[in-house]
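Architecture and fold: a report
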Amino acid sequence: MSAESTQLNRRAFLKLSTAVGGGLMLGFRWGAAEVVPAKPATFKPNAFLRIAPSGSVTLLNQNPEIGQGIKTAFPMIIGEELDVDWADVVIEQAPLDTEAYERQVAAGSGAIRTTYQTLREAGASARALLVAAAAQQWGVAPQSCRTAKSVVTHPPSGRSLTYGELADAAGKLPLPRSVTLKSTKDFSLLGTRVRGTDVPKIVTGEQRYGIDTKTPGMLYGAITNPPEHGQKLGSVDDTAALKVPGVVKVVSWPDKVCVLATHTYAAFLGKDALKIEWEAAAVRESTARLSQAFADAIANGSGEHRRRVGNVERALDGADRVIEATYEVPFLPHAPMEPINMYADVKADSVHLLGPMQTPANARQLTSQLTGLPETKITTEMTRIGGGFGRRLKTDFVEDAVQASRLAGTPVNIVWKREEEMIGGNFRPAALYHYRAGIDSQGRLIAWHLKSASITGRGAIVPTNFPNGAVPHFQVDNHRVRSAITTAAWRSPNHNVCAMLDQSFLEEVGYALGKEPLAFRLELLRQAETDPYGNINYEPARLRGVLEEVAKMADWGNPPAGRFQGIAAHYSHHSYVAQVAEVSVTEGNLEVHKVYCAADCGQVINLSGAENQCQGGIIDGIGAAWFGDMPIVDGASANTNFHTYRLIRMNEVPEIETKFLKTDYPPTGLGEPALPPASAAVANAIFAATGVRIRKLPFNANDLAG
Amino acid sequence: MAQFKLIVNGETRTVEADPNMPLLWVLRDLLGLTGTKYGCGMSQCGTCTVHLNSAPIRTCMFPVSAAANQSITTIEGLSPTGDHPLQVTWREMDVPQCGYCQGGQIMSAAALLQSNPEPTDEDIDAAMTGNICRCGTYLRIKAAIKLAAQRGAAQ
């Protein structure tokens, strides 16, 4: 991509103002004009950065940091266009400010893609002002100046000034109406390895998370949720709880009880001492009931068509052969390592929220509804988040903190015991999938029909996945079954299972046709690329690109002795990822030795972070598929903590080799896209090793001894 | 309630607590040392790992009475300068993602290197298998332990 001039068409740049103490200060906001008073002589051209006369450059990160590395990646983008010396940079977490920033969420691997341009403009605007200030001082043309490492130079005369020296003067200039962004070939920071912003504090234990919050007068609150899905709160006997030393109060609101105490241990003991009557749910839920209901819905129900190309029924009726298979996936909790917690201080005329939120704007809105206070009276600060995987997109725990603080009249930090998260629902939905594929007399795949059943409104499906576009008759239906069990987005929602199912069933079809797995995919992709059936939302050439790359990396077709390969490719969150897994199965015991990963996410921002996200996504994807299970028995979650809810551990993880394709595309998501194909590649490798086709998750619920 | 003397990161601290109160909550809520984290409350995840007389323990189930008058090292006290060989390699290899479990990971790894300065891959797996990382940073954790071991972390 070459250098581009970009019109700064944001709604309001503004304004010069005299700051307290005499220094001049320039401030503008993306949303609305506002005079920003600041310390004298600090250059703060926008809500993204400040430059002090000392030369210290503060870059603000607007989004919640949840382990995806945004607190490093966002500042890198600003810093690239600013030509800053990374050693001068201090990074700060910005609070929720919907006037200053456009999108402050951690969701959908969407941050970099949607905010890339804005951040580049922010950095480039500040750079332009610094250059203009230097040019004015020297009486030279701005075009004759250069910037690098926080210094403006004028090569013809050999003069130079640091950003710190220019900060005050730059703050007195009007903002440019347009700026020129760098050519990607001139990037010196993006694509390099930059260490995570908070790593130094993390390794010394200094880093604070929401659960570490403690303020004067604050009480710790232990939350109790209904033990069975769909139950309602009846009566609460808190006599014994209140006798626990340290317990101060017990409060409740619909379907929640909170024990407030001076320390967490007392709150937990008090919680255990509660005697609560729960009103039964309308249906006592179970995995067995749901499995049957899913099967019945698929067999008898009329589903909602989520995608329809051609005429699947007619094509299947006329097909030479029909291949079919049924797949089933369980509920899954999120199990972030930092248990659910939230701090709120509700006062008569204001609220302060502080904690691990993926959607702070939603949290503020909910708090406004709960308290009747306008949003302007609610301050919202995001803590570094100890994982979320989708769980913290919800705001139920924000409601817990607000209700508890409101009812108790004190600031509170509410904590869910680990068990509460496991019994509390908000799961990845369990679902059943019935696939049929039609083959014509010449051995071509002519029809693909997926009927799925789940408990969410739109289904646990991705109706646009490949081989969509490569098959003339293609249909995806959802059958909804009602349940009291609550669901939530789980890292790479729906993709996290559909990649495995689609890529597994595709191999079942290929196997029946005697096609080699990679060749079969490439053949179908050629069809989608040259003459697609219906609309497709992915670029077949890019999916082909990662497949071909990973095949080279893994020496596809020639696994090391004793190992078996499986391959998968998937498009999600605007990125393309293909993987090859090498496994062996000995007496039914699976070992995943190695995973090769080729990713096309356009421009890589932070190579270290990108590699970490791919490794984490692959390990998470394999672990969840291998061990992840949440059976519901007699209305309740059967797994309540890590002794039975199994997560993958160090001795089970494969070696991983990741390569990013060098492309000219702008950056796209990476927090999720490496996860979906991983379980698919392993499942396909298990088939290669054993002849056992995994049709029910988790892997370890299958007998791999054959 | 009873009074307990603990030697935490070299300093003698006195706390008033229920003898059964897990050391985790004593450290976090009574002493303000929040580097030791709550993860599961049943010794399954390792986020709450500290050293008791240089052996790793899970503080979430370890009663304060059993730690009385003994020496406790938390992640905050692992090195006065934050330059324990593992903290150095953890930074160099940019290990953390969310970071929540990493204090516990480092404390388990530090105990391993103290008792076994040249661990094999299997030794590392065995010592670290009780520490869960939900983000999946295991490969970098392992690499950081190996690098510290190569440099002679025990010295």
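Here the structure is a predicted model, which is why all the values come from computation and not from measurement. (Residues numbered from 1 in each chain as written. Chains lettered and ligands numbered in written order. Predicted model: local features only at pLDDT ≥ 70, side-chain atom pairs only at ≥ 80, totals over all residues.)

We now examine the overall build of chain A. Of the regular secondary structure elements, chain A holds 16 helices and 31 strands. Expected size for 706 residues packed as a compact globule is a radius of gyration near 27 Å; at 28 Å, chain A falls within 12% of this value. Here the C-alpha coordinates of chain A stretch approximately 80 × 70 × 45 Å along the principal axes. Here chain A holds 706 residues, and 56% of them are scored as buried. (Helix = DSSP H or I, 4+ residues; strand = E, 2+ residues; numbered from the N terminus. Rg over C-alpha atoms; globule rule 2.2 N^0.38 Å. Buried ≥ 20, exposed ≤ 12 C-beta atoms within 10 Å, placed from the backbone.)

Checked against the element boundaries, H263(A) lands in the loop between β15 (256–261) and α6 (264–273). C-alpha of H263(A) to C-alpha of G318(A): the two residues are 55 residues apart in sequence and 70 Å apart in space.

Turning next to helix α13 (residues 517–530) of chain A. All names here are of chain A. If you check α13, its first and last C-alpha atoms are 20 Å apart, about what 14 residues at 1.5 Å a residue would give, namely 20 Å. Taken as a whole, α13 has its buried residues at P517, L518, R521, L524, L525 and A528. Down the axis of α13, the buried set is contained in an arc of 135°. They therefore lie on one face. When the buried face of α13 is taken as reference, the exposed residues oriented beyond 90 degrees from it are A519 and T530. In this structure, the buried residues of α13 make contact with α12 (495–512), α14 (540–554), β26 (564–572) and α16 (676–690). (Expected span 1.5 Å × (residues − 1). Arc of directions from axis to C-beta. Contact = placed C-beta atoms within 7 Å.)

All names here are of chain A. With mixed pairing, 4 strands are arranged side by side in an open sheet as β26-β27-β28-β31. Only two strands of the sheet have a single neighbouring strand rather than two, namely β26 and β31 (655–660). Each strand of the sheet is rotated relative to its neighbour by a mean of 20°, with strand direction disregarded. Direction of pairing for strand β28 (residues 589–600) relative to β31: parallel, over a ladder of 6 bridges. Looking across to β31, one finds that C597 is bridged to T658. (Pairing = 2+ DSSP bridges. Axes fitted to C-alpha atoms, helices over the stretch in contact; angles between N-to-C directions.)

Once that is clear, we can look at the domain arrangement of chain A. With domains assigned, chain A is organised as domain 1 (4–202), domain 2 (210–281 + 340–415) and domain 3 (288–331 + 427–701). Between domain 1 of chain A and domain 2 of chain A, the contact holds 13 residues from the first and 15 residues from the second. (Domains from an automatic or database assignment.)

Let us now look at the nonpolar core. Residue and element names in this part refer to chain A. By size, the foremost hydrophobic cluster in this structure holds 259 residues, and its most contacted members are L130, A401, V546, V550, C597, A681 and V682. With 14 residues, the top contributor of residues to this core is helix α2 (residues 111–138). In contact with C597, not counting residues within four places along its chain, are V550, V577, Q579, C614, I618, I656, E657, T658 and A674. (Core = buried A, V, L, I, M, F, W, Y, C linked by C-beta atoms within 7 Å.)

Residues and elements named next belong to chain A. One can describe the packing of α2 onto helix α3 (residues 163–170) by two numbers: an axis separation of 9 Å at closest approach and a directional angle of 90°. Overall, the two elements α2 and α3 adopt an arrangement that is roughly perpendicular. Every residue of α3 that contacts α2 at L129, L130, A133, A134 and Q137 is listed here: Y163, L166, A169 and A170. Split into classes, the residues belonging to the contact of α2 with α3 amount to 8 nonpolar, 1 polar and no charged. (Parallel < 35°, antiparallel > 145°, perpendicular 65-115°, else oblique. Nonpolar A, V, L, I, M, F, W, Y, C, P; charged D, E, K, R; others polar.)

How big an interface is tends to be expressed through the accessible area that disappears when the partners come together. Contacts between the two partners involve 46 residues from chain B, matched on the other side by 46 residues from chain A. Elements represented by at least two residues in the side of chain B that touches chain A include exactly α1 (23–30), α2 (85–92), α3 (102–115), α4 (121–128) and α5 (138–150) of chain B. If you tally residues by element for the side of chain B that touches chain A, the top one is α5(B), at 4 residues. Partitioned by chemical class, the residues of the side of chain B that touches chain A number 21 nonpolar, 16 polar and 9 charged.

For the rest of this paragraph, the subject is the sheet that holds strand β12 (residues 219–224) of chain A. Residues and elements named next belong to chain A. In spatial order, the strands read β14-β15-β12-β22-β19-β20-β21; together these 7 strands make up an open sheet with mixed pairing. The outermost strands of the open sheet, each flanked by one partner alone, are β14 (247–253) and β21 (378–382). On average, each strand axis in the sheet is tilted by 20° relative to the strand beside it, whichever way the strands run. Here α6 sits on the sheet and contacts β12, β14, β15 and β22 (412–415); the angle it forms with β12, its principal contact strand, is near 30°.

A separate point is the pairing of strand β3 (residues 49–52) of chain B. Alignment of β3(B) against strand β4 (residues 55–58) of chain B, held across 4 bridges, turns out to be antiparallel. Bridge pairing in β4(B) places H51(B) opposite P56(B).

Let us now look at unusual backbone geometry. Of note, the bond from F466(A) into P467(A) is cis; its omega dihedral lies within 30 degrees of zero at 20°. Relative to the helices and strands, P467(A) is located in the loop between β24 (445–454) and β25 (473–480). Residues L697(A) and P698(A) are joined by a peptide bond in cis, for which omega reads 0°. Along the chain, P698(A) falls in the segment after α16. For S150(A), which is not glycine, the phi torsion reads 65° and is therefore positive. Of note, D94(B) is a non-glycine position whose phi angle comes to about 50°, a positive value.

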